[in-house]
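# A structural walkthrough
As a plain string of letters, each chain reads:
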Amino acid sequence: MSGPTPKPGIMNIAPYVGGESSLDGQDRIIKLSSNEGAFGPSPLAQAAYTDAASDLHRYPDGGCVALRAAIAELNGLEADRIVCGAGSDEIISLLCQAYAGAGDEVLYSQHGFLMYAISAKAAGATPVFAPETNLTSNVDALLGAVSDNTRLLFLANPNNPTGTYLSGDELWRLRRELRDDIILVIDAAYAEYASRDDYTPGVDLVDGGGNVVMTRTFSKIYGLGGVRLGWAYCPAGIADVLNRIRGPFNVGSPALAAGLAALGDSEFIERARTHNDTWLEWTRSQFLSLGLEVPPSAGNFVLVRFPEQPGRNADIAEACDTFLKSRGIIVRRMDAYGLDDCLRVTIGLKDEMQAAFDAFKEFLEQI
Ligand SMILES: *Cc1c(COP(=O)(O)O)cnc(C)c1O
């Protein structure tokens, strides 16, 4: 007898490893490894979370009615077509479970978010990626990678970890040329940070056809990664499918309360956005001045690539990471994204960015 065996594909999953949050022997840590909002959670969200404690014996509202209504109001959406999840990770997973299985393909962009491949494999499907150009998703390459078996196409816009994005025009071209039995999932986790005129989070695309889903999260600008809260805006048929397979109480009551309060604190979000605009720009130009490659970013992070030293850049990235840690600074290694010559740095507070810049500078001076 051999023991229990999981479905095919599952043992091929390399488990997701989150950003590190502590260092041995260091009590003051600067954590710039997980793209968490620089300001933490809004005080209103914290208070609502604490207030929820007295009702912890009650099941949450499984329909997330109040939160969906508030999201709909804020974004001009139909509440019935919003589905909430324990982070947008759960929504990504539910989409794969519902629409892809053995023999099917799930398509994404070369340096796309890791959860797409993980969720595809967990559903028994095969992840397929299309090459990027200049660390940017390429619509023609994505369309060229579509096969008869493609069921879902995930596109993070802006993308994590590259920070680059596709314009609304490019998204529309992708959607127009994509078969309409394939779901285009626009993962707009960083939408609140993206400020360019030609950017769209994708609501127009969801409303423009039956096969586009937009996902959003409370983990980034809202600073609520710890409560696990995200949502999707879907065509009615897809919302119906997700509601059939999700857990009946997939979002807990503290998350619902914190999320609702966070949506009401528009002043906090505005401050966070302004802070990011300033320090994203500062960080990118400072790193460029050190001779590092930094693609333009529309998110709250930058990808930093070490200049060409053939064969050595991965070692330099690793050595830099070790050096930063010795200064109490945690950034993200990018090996899992096929970018082992890069580090990703989240935009934190002013002092944190200055410390990160000083440490990079010191490292580069001594190699
Ligand atoms: C951070 C991130 C998410 C958010 O995940 P949650 O499960 O909502 O915390 C989703 N997509 C991308 C591209 C991300 O970077």
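Throughout this description, residue numbers start from 1 for each chain and increase along the sequence as written. The predicted nature of this model means local features are confined to residues of pLDDT at least 70 and side-chain atom pairs, given and counted, to a pLDDT of 80 or more, with totals for whole chains, interfaces and linings taken over all residues. As a rule here, side-chain values come from all non-hydrogen atoms in the structure, and water together with hydrogens is ignored.

This brings us to unusual backbone geometry. That bond from N157 to P158 is cis: its omega, -5°, falls within 30 degrees of zero. The step from N160 to P161 runs through a cis peptide bond, and the omega angle for that step is 20°. Among the structural elements, P161 can be located in the loop between β5 (150-156) and α6 (168-177). Even without glycine at this site, C64 takes up a positive phi of about 50°. Working definition: helices are DSSP H or I runs of at least four residues, strands are E runs of at least two. Numbering for both runs from the N terminus. Secondary-structure assignment places C64 in the loop between α1 (43-51) and α2 (65-75). The backbone of L135 sits at a positive phi, close to 60°, despite the residue not being glycine. Mapped onto the elements, L135 comes out in the loop between β4 (126-130) and α5 (139-144).

We call a residue near a molecule or strand whenever a single non-hydrogen atom of that residue lies within 4 Å of it. Looking at the ligand, there are 13 residues lining it, with D187, T217, S219, K220 and R228 nearest. Here a polar contact is taken to be a pair of N or O atoms separated by no more than 3.5 Å, where protein atoms must pair a possible hydrogen donor with a possible acceptor and residues adjacent in sequence count only if both atoms sit in side chains. Separating an oxygen atom of the ligand from a side-chain N or O atom of K220 is a distance of 3.2 Å. In this structure, an oxygen atom belonging to the ligand sits 2.6 Å away from a side-chain N or O atom of R228. For the ligand, the accessible surface in isolation is 390 Å², of which the surrounding protein chains cover 94%. Both cavities and pockets are sets of points on a 1 Å grid over the protein atoms alone; in a cavity a 1.4 Å probe fits but cannot get out, in a pocket the set is open with protein on both sides within 12 Å along at least five of seven lines, and lining residues sit with an atom within 4 Å of a point. The rule for placing a molecule in a cavity or pocket is simple: more than half of its atoms must lie within 2 Å of the grid points. Cavity membership is defined here by more than half of the atoms lying within 2 Å of grid points; on that basis the ligand lies in the second largest pocket. Its residues assigned to classes, the shell around the ligand shows 4 nonpolar, 5 polar and 4 charged. Each accessible area value is a Shrake-Rupley result obtained with a 1.4 Å probe; residue values ignore everything except the protein chains displayed when judging cover. Note that Gly is not counted as nonpolar here; it falls among the polar residues with everything else outside the nonpolar set of Ala, Val, Leu, Ile, Met, Phe, Trp, Tyr, Cys and Pro and the charged set of Asp, Glu, Lys and Arg.

Note on method: axes are straight lines fitted to C-alpha atoms, helices fitted across the in-contact stretch only, with angles between N-to-C directions ranging 0 to 180 degrees. With their axes 10 Å apart at the nearest point, helix α3 (residues 88-99) and helix α8 (residues 236-245) run at an angle of 95° to one another. Between α3 and α8, the crossing angle belongs to the class labelled roughly perpendicular. Of α8, the residues touching α3 (which contributes L94, L95, Q97, A98 and Y99) are G237, I238, V241, L242 and I245. When describing relative orientation, an angle under 35 degrees is termed roughly parallel and one over 145 degrees roughly antiparallel, while 65 to 115 degrees is termed roughly perpendicular and anything else oblique. In this description, contact between two residues means that some pair of their heavy atoms is separated by no more than 4.5 Å.

This brings us to the domain arrangement of the protein chain. On domain assignment, one finds that the protein chain holds domain 1 (17-40 + 267-366) and domain 2 (43-263). Measuring from the centre of the C-alpha atoms in domain 1 to the corresponding centre in domain 2 gives 25 Å. On the side of domain 2, 24 residues touch domain 1, which itself brings 26 residues to the contact. Summed over both partners, the accessible area lost on bringing two parts together, with a 1.4 Å probe, is the buried area. For the pairing of domain 1 and domain 2, the buried interface totals around 2,100 Å² over both sides, and the portion due to carbon and sulfur atoms is 64%. Looking only at domain 1, the three residues that lose the most surface to domain 2 are I269, A298 and Y337, adding up to 30% of its buried area. The term salt bridge refers to a pairing of a side-chain nitrogen on Lys or Arg with a carboxyl oxygen on Asp or Glu at a separation within 4 Å. Our count for the domain 1 to domain 2 interface comes out at 0 salt bridges. Here the bounds of each domain stem from an automatic or database domain assignment.

The next point concerns the packing of aromatic side chains. Two aromatic rings, drawn from Phe, Tyr or Trp (for Trp, its six-membered ring), form a pair once their centres lie within 6.5 Å of each other, and the interplanar angle then sorts them: stacked below 30 degrees, edge-to-face above 60, tilted otherwise. Taken as a whole and judged by the stated rule, the model has 17 aromatic pairs. On the basis of an interplanar angle of 70° and a centroid distance of 6.3 Å, the ring pair of F39 and F268 is categorised as edge-to-face. Of this pair, F39 sits in the loop between β1 (30-31) and α1 while F268 sits in helix α10 (residues 266-289); the two residues are 229 residues apart in sequence, bridging distant segments of the chain. Summary of the burial criterion: residues with accessible area below 20% of their type's maximum are buried, those above 50% are exposed, and those between are partly exposed, where the area comes from a 1.4 Å probe applied to protein chains only. With a relative accessible area of 27%, F39 lands in the partly exposed category. On the accessibility criterion, F268 (3% relative accessible area) is buried. Among the aromatic side chains, those forming a connected cluster through ring pairs are W279, W282, F287, F306, F323, F357, F360 and F363.

Over the atoms, a rolling probe the size of a water molecule traces out where space has been left empty. Grid points are joined across faces, edges and corners, and a volume is the space filled by probe spheres set on the points. In this structure the tally under the stated criterion is 1 cavity of 30 Å³ or more. Here the largest cavity is characterised by a volume of approximately 50 Å³. For the largest cavity, the full set of lining residues is A38, F39, Y193, A272, H275, N276, N300 and I347. Grouping the amino acids of the lining of the largest cavity by side-chain chemistry returns 5 nonpolar, 3 polar and no charged.

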